[in-house]
Amino acid sequence: MDLKPTIEGLENKLEEVWNCLTADEVGVIGIWGMGGIGKTTLLTQLNSKCLGHFDFVIWLKVSQEVKLEDLEDEFVKQIGLSKEKKSNDKAALISQVLQKNKVLVLLDDLWNRVELKDIGIPQNNKCQVVFTTRSELVCRLMEAQRSIKVEPLEWEEAWRLFQDRVGFETFAAHPCISRIAKEIVRGCQGLPLALVTSAHAMSSKKTLQEWEHSAEILRKSASSRVFSILKLSYDRLPDQNMKSCLLYCALFPESFEIPKEELIDKWIGEVFLDDGIDQADPINKGYNIVQTLVDLSLLEDEGQEVRMHDVIRDMCLWIACEVEKEKESYFVQGGTRFRNELPREELRYAKRISLMQNAFVQRVTQVPGSPHLLTLLLSHNRGFGTIVDGFFRYMKALTVLDLSETGLRVLPTDISELVSLRYLDLSTSEIEKLPRGVMKLEKLQCLNLEYTPKLRKIPRQMIASLKMLQVFRIVGSHFILGEFSVGELERLENLKALSLTIKDAYIYRQVLNSQKLSSCIETLLVEDLEPPYGELVGTKTQTVYGINKVRCFDKLRKVRICCCHYLQDLTWVMRAPKLMELIVRWCENLQVISSYEGEENEKDLDPFARLEFLVLIGLPQLKSICWKPMLFPFLYDIRVCGCPMLKKLPLNTNSAKGCDLEIEGTTDWWFKLQWEDDPTRIAFRFCFAEIAWPYRTHGTNTSADRNRGIQHRVRCLLENLDRLAETRTMIGEAETRTMMGELVWNFSDSYMASRS
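Residues numbered from 1 in each chain as written. Predicted model: local features only at pLDDT ≥ 70, side-chain atom pairs only at ≥ 80, totals over all residues. Heavy atoms only, no water.

Thoughts on the packing of helix 6 (residues 155-166) against helix 9 (residues 192-202)
Part 1: Contact pair helix 6 / helix 9: the axes reach a minimum separation of 8 Å and the direction vectors enclose 30 degrees. Taken as axis vectors, helix 6 and helix 9 run roughly parallel relative to one another. Seen from above, helix 6 lies across helix 9 with right-handed handedness. Between helix 6 and helix 9, the residues in contact are A158, L161, F162, R165 and V166 and P192, L195, V196, S198, A199 and M202, respectively.
Part 2: Here the contact of helix 6 with helix 9 is built from residues that sort into nine nonpolar, one polar and one charged. (Axes fitted to C-alpha atoms, helices over the stretch in contact; angles between N-to-C directions. Helix = DSSP H or I, 4+ residues; strand = E, 2+ residues; numbered from the N terminus. Parallel < 35°, antiparallel > 145°, perpendicular 65-115°, else oblique. Left-handed = near helix turned anticlockwise from the far one by under 90°. Contact = heavy atoms within 4.5 Å. Nonpolar A, V, L, I, M, F, W, Y, C, P; charged D, E, K, R; others polar.)

See below:
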């Protein structure tokens, strides 16, 4: 839970942990205390404080059912090792890196002992570990050399925190409000999480009557006092649909990063976003609800995902399973490695069932018989691949069915019995074909077939028959969009969100010129385009594709272009105002990303205003990204490799304001960059991070490829070391040393001494 920018009452604990790390050099430190007490906030502040004092600061979020391979993968990602290494090598690789560097490992929310050596964390004075847990027993199991308990806030600290978050003008509205507020604060029992959420709930209440009503609800509650306090934020939500949206997040496992896109699709399937009055786009409405729940501290924003704090999730399950059991009736065993037989009596009356992330066997043979069931989540169970016929026979009310991230190969024939189904997710499954029974799902609004590598058959006219379809996602599927399918998509009157893979130049032109489809596309993957018959690479691109120059891609957020060798520019992407991710790879003739040449009316456009991630790899002819420097208010990463003609980035000093940008590329490319002016070069001088030029273009990674890559990197290193003296003179020795890093600095000193 976000308690920034302050950590009232935790300053002394932060200082204690800091002293253990720096002065006493304690190897393993445990921070423990009850949920919602502020342990994660303390770790977040420690993370910020330690940056620059360690070579690596690694943050790992650990759930109840920790999997060592997941920790290893995250470790590998954060220290920059290749993800292609075999899993049994990862611990050794991690250990090799950590042995040579000063490292701090932060483990958040441990529930059981983790063998540090199993994930490559060495037991030496260079590597220190700080973890948080709810249990002092875990501190002992982890053999923590120092255990620090986080206590509830003292009264003065709790009262000050609550006052700050509510706002003093509210207390000035009536002299008796302060008395009621103190009663609420006492009920929070010193928990920062409860204090912050209840303060959010009360901050909009300006009359004495509103405060008295809230206090009366708390006094009458016979259940958990803290949950009752937290429930104030739930009760404050403006309507039942938004309350249902919040409770729905508790169906996901603990600490689960929930993709916003997936969550909103499920809300659409549950009809939470259709009140019959507001005719606004349901997807936009969904994002607005997500942001509202984040602003109320009921969800944590993780970029493209959201996370629910454990205590908030427990509160939501308490509401769904006890307070509003008759209306909600949840059965949740998500992330618990549930292996037992399903409890038939509980399932008989359940309206929403979540069995995500469990140790399922190969077949689901039990027929639950749940006539009231609305939601069934079986995702992230890679073990099972078969559902028996008859499984869906008694689920006439089912509206949401999630079978993603499973080994499912075939849907049973009785899928056609799900006459109320509005949401079907088969993404990242082993599904091979869609049965004709899907055509009978007349109420289906969301169909997700993304990243289904074995899907080869979708019956003709199936898509067109799903007349209620609002969301259709098929990017990354083996099924190739054909010409007939474009026509089917255009006949979907209710379509609002679309993700596609395109591998045909004519289809590419059709989709981008379609008013209907261009207004719906959210993600577009274009691969292996070849020029249509009779059209040459040298022909001007706008003529080749005849793309409508006034077309606007209002919802497009992700574009990935790969191996499209006759594309010369991607100017059309500038008409995607919400574009967040642009990845372009291996396009041999691409010369410019966005150009306004001959288009005077495009000079005032502000493309890439929402861009966060830009990747340009293997573009030997690329000379320009766009025609002028941009602000890039959200951009955090530019990655450039194999673009030798790209001499300038669209950045100036205004781009650097409030910018937290990392620019990744080869060192030789970085030193040859031309900047708008000296202030711009200085502003971005510490943003560079070196990455290796890939050893291969595509296909097999041969030893010859690897050798050429190594030789290239050695030549670049020697050239850059020769340039080091000039760099020292230009920006000063101290800044050069910081930019190059200690290891490269020491090597360069030795190299230069040998040359002299």
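There is more to say after this.
Points about the confidence of the model for the protein
Part 1: Counting all residues, the mean pLDDT for the protein is 80, and 79% of those residues have values of 70 or more.
Part 2: Predicted confidence for residues 536-546 stays below pLDDT 50, and this span has 30 contacts to residues more than four positions away or in other chains. (pLDDT = per-residue confidence, 0-100.)

Here we look at the pairing of strand 24 (residues 662-665)
Part 1: Direction of pairing for strand 23 (residues 637-641) relative to strand 24: parallel, over a ladder of three bridges. When the bridges of strand 24 are listed, R639 appears paired with E664.
Part 2: Note: strand 24 against strand 25 (residues 688-690), three bridges, orientation parallel. The residue of strand 25 that forms the bridge with I663 is F688. (Pairing = 2+ DSSP bridges.)

Topic: the sheet that holds strand 7 (residues 300-301)
Part 1: Taken in spatial order, the three strands line up as 6-8-7 in an open sheet, and their pairing is antiparallel. Each edge of the open sheet is held by one strand with a lone partner, namely strand 6 (258-259) and strand 7.
Part 2: In the sheet, strand 7 pairs with strand 8 (residues 305-307) via two bridges, with the strands oriented antiparallel. Directly across from D301, in strand 8, lies its bridge partner V306.

Remarks on the nonpolar core
Part 1: Ranked by size, the top nonpolar core spans 100 residues in total, and within it L401, F472, L570, W572, V584, I593 and L616 carry the most contacts.
Part 2: Considering each element in turn, this core owes the most residues, four residues, to helix 19 (residues 505-513).
Part 3: With near-sequence residues (within four places) excluded, F472 lies in contact with L447, L449, I463, L489, L495, A497, L498 and S499.
Part 4: In this structure, V26, L161, L237 and F252 belong to the second largest nonpolar core, which totals 95 residues. (Core = buried A, V, L, I, M, F, W, Y, C linked by side-chain atoms within 4.5 Å. Buried < 20%, exposed > 50% of the residue type's maximum accessible area, 1.4 Å probe, protein only.)

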